Amino acid sequence: MNDKTLIIEVLCSILPTEDLLVGDDISEKYHQDWSGEKGGEISAVVMPRNTETISKVLKTCNELGCPVVPQGGLTGLAGGATPVEGCVVISMERMKGIIEIDGVSGTMTVWAGTPLQVVQEVAEEAGFFFALDLGARGSCQIGGNIATNAGGNRVIRYGMTRDLVLGLEVVLADGTILPMLNKMVKNNAGPDLKQLFIGSEGTLGIITKAVVKLHPKVNGANTAFVALDNFTGVEQLLVYAQQQLSGQISAFEVMWQSFYKEAVTEEGIRAPLSSDYPVYVLMEQQSANPSMQSGQFEAVLEYALEKGWVIDAAIAQTHSDAESFWKLRDSIAELLQRYAPTINFDISFPISSIGHCAEILKEIMNTRFVGIRAMFFGHVGDGNIHVVVGPVPDDTVALEIEAAFYEVVRENNGSVSAEHGIGLHKKPWLSYSRSSAEIQALKLMKQALDPKNILNPGKVQD
Ligand code: FAD
C-alpha cells in the first residue's frame, strides 16, 4: 500500500465521508492560491466542522509523517497555501460564523473560516468597527488574515492584523489544542504565546478560532486627493497631518504619476486633478462625526498648500466623491491585467527612505530593463510600497529584476515582504531581510512545535 492510499484509508476510517474529498472530487480551486504558484499532488482535502476534527486529523498525519497544508480563502499572494506533494489539505471553509460579541469588552469571537467581510458587517450591525480591510475582503478568511498578519488600507491608524487580535485557539502538529481565547488587552501572565502563530503562514499550527478587537463605529470620513511635486512634500504632509489631527489619519495612499495616469486614461476613472504631477496622495480621516473635524482637516491642507508641500488638492464634498477617489486607488486590480505577466513587489522601507529608494528602483527599470513598465503606489503611511512590473518576457528576466529590487531592499534595511508573507514565492529572498541568526531561531521554533515538519513544509524559513 503506498503512502497516499494509506493516508486516505486512515482518514476514511476516522472522518464522516462528507468531511473528505479524494480523487476526482478534489476540484481545481484547491491546487493554488492567487499567486498562481504551482504545487504538488493532493492526497485528500479535509473540510472540518470543528476543532476536534482538526486535532484528530493532525494527530493522524503526524503519526504517519504526512504533510498538511492549511487553506483559508486562497487569496494569498505568496503561495503559502499551495499544496505540497502528497499532502492533506485542511480547508477551513466550513468552520465559519460568529461565536460571540462582547459589547462591553469590545471583542468578537469568531471561527477562523469566517470571511473578513462578514466580520466587518457583523461588527457594524453591532455598532462597532472592525478595522482590518483589504481588497480580497469577500473571499479571504479571518484565519488566513491572522496566519499572514495581513495589512491593508488602515494600518497607519489601527496597525496590522496582529494589533487587532486578542486571543486564538490553535491546534499544534501533534493534535494538541491550545486554548488561548483571551479577551483582555492587558495580560502579562508570561510570554504572549499567540503571537507565535500570527504571521506564521500555517507552519506552526492551525488557527481554529480568534478573538478580535473592535473599535468604536465610524460614520464617515474626511477625504482628500492631493498632488505634490516630490516625495519630500509627501513626508512633510504626512508628519504635519498626523500632528495636527492627533494621529487620526486612517489612510495615506500614495500613487506615483505612472499609476495615476494609467488609471485615468486606460481605465477611464474620473480624474480629481490633472495628470501632470509627479506624485499623488489619497488622505483620509475616519471619524464618528466627520463634519465636526472637517475644519481641522481642511486647515491642514490649506497650510500644506501655503507651504508649497502640496500643489493642488480636491476635497470630497460628498460620499460619492470619496468613493470615486477610492475607485482610482482600487483600480489596481484592473491595471494589473494590462501589465501581465507581472512581478508584484510588496516591499517596505523606513518611511524616510521610501522616496530615495523609489527613485533607485525607477532608475534600475529605466536603464537595465528598458521597455518593461513599472507602476509605483502604496500604503506609504506605514512604509509599504507596491511596484507592479510588466509585461515580463520570461523567468530569467523576472529573476534579474527581483534580484535587483531585493538588493535595494537589503541595502536600505527594508523588508522583502511588507504584508503578503513569504510563502513559497519570497522564500529565496528571506535572508535579505532576516539575519542568519534570526532564521536559525525560526527553525528552532519550528523544530520544537512541529518536530516531524508536517505543517506546511517547504514554506517560509524551511
Ligand atoms: P490563504 O491564501 O488561504 O492562506 C494564506 C496562508 O495562511 C497560507 O500559508 C495558509 O497555509 C495559511 N492559513 C490560512 N488559513 C489558516 C488557518 N486557519 N490556520 C493556519 N494557517 C492558515 N494582503 C494584505 O496584507 N493587504 C492587502 O491590501 C491585500 N490586498 C489584496 C487584494 C486582492 C485583490 C487579493 C487577491 C489579495 C490581497 N491580499 C492583501 C492578500 C491576501 O488577501 C491576504 O494575504 C489574506 O490575508 C489571505 O487570507 P486567505 O484566507 O485567503 O488565506
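Predicted model, so just to flag it, every value in this text is computed and none were measured. The numbers attached to residues start from 1 for each chain and follow its sequence in the written order. Totals for whole chains, interfaces and linings use all residues, but because this is a predicted model, local features are given only for residues with pLDDT of at least 70 and pairs of side-chain atoms are given and counted only at 80 or more. As a convention, hydrogens and water are excluded, and side-chain values are obtained from all of the structure's heavy atoms.

1. A few points about the nonpolar core
Counting residues in hydrophobic clusters, the biggest one holds 58 residues, and the most contacted among them are F252, V254, W256, M283, V389, I401 and F405. In this description, contact between two residues means that some pair of their heavy atoms is separated by no more than 4.5 Å. With near-sequence residues (within four places) excluded, M283 lies in contact with N222, T223, A224, L237, A241, I249, A251, F252, F297, V300 and L301. By nonpolar core is meant a set of buried Ala, Val, Leu, Ile, Met, Phe, Trp, Tyr and Cys residues that side-chain atoms within 4.5 Å join together. Here's how the labels work: a residue is buried when its accessible area is under 20% of the maximum for its type, exposed when over 50%, partly exposed in between, all with a 1.4 Å probe on protein chains only. Ranked by size, the runner-up nonpolar core spans 56 residues in total, among them L58, M92, A112 and I198.

2. Section: the site of the ligand
Near the ligand lie 33 residues; those nearest to it are P70, G72, G73, T75 and G76. Polar contacts, as used here, are pairs of N or O atoms within 3.5 Å; protein pairs need one atom able to donate a hydrogen and one able to accept it. Residues neighboring in sequence count only if both atoms are side-chain atoms. The backbone of G73 places a nitrogen or oxygen atom 2.8 Å from an oxygen atom of the ligand. Contact between the ligand and I207: a nitrogen atom at 2.9 Å from a main-chain N or O atom of the residue. In these tables, accessible area is a Shrake-Rupley quantity obtained with a 1.4 Å probe, and a residue counts as shielded only by the protein chains included in the view. When the free accessible area of the ligand is taken as 970 Å², the share hidden by the protein chains comes to 93%. Nearness is judged by heavy atoms alone; a residue qualifies as near a molecule or strand once a single heavy atom is within 4 Å of it.

3. Details of the sheet that holds strand β14 (residues 279–287)
With respect to topology, 7 strands assemble into an open sheet ordered β15-β12-β14-β13-β17-β18-β16, the strand pairing being antiparallel. The sheet is open, and its two borders are formed by β15 (310–315) and β16 (343–348), each paired with just one other strand. The average undirected angle you get between the axes of adjacent strands in this sheet is 20 degrees. Whether two strands pair depends on DSSP finding at least two bridges between them. In DSSP terms, a helix is any run of H or I states spanning at least four residues, a strand is any run of E spanning at least two, and both are numbered starting from the N terminus. Pairing geometry for strand β13 (residues 251–256) and β14, over 6 bridges, is antiparallel. Geometry is summarised by axes, namely lines fitted to C-alpha atoms with helices restricted to the contacting stretch, and by angles between N-to-C directions that run from 0 to 180 degrees.

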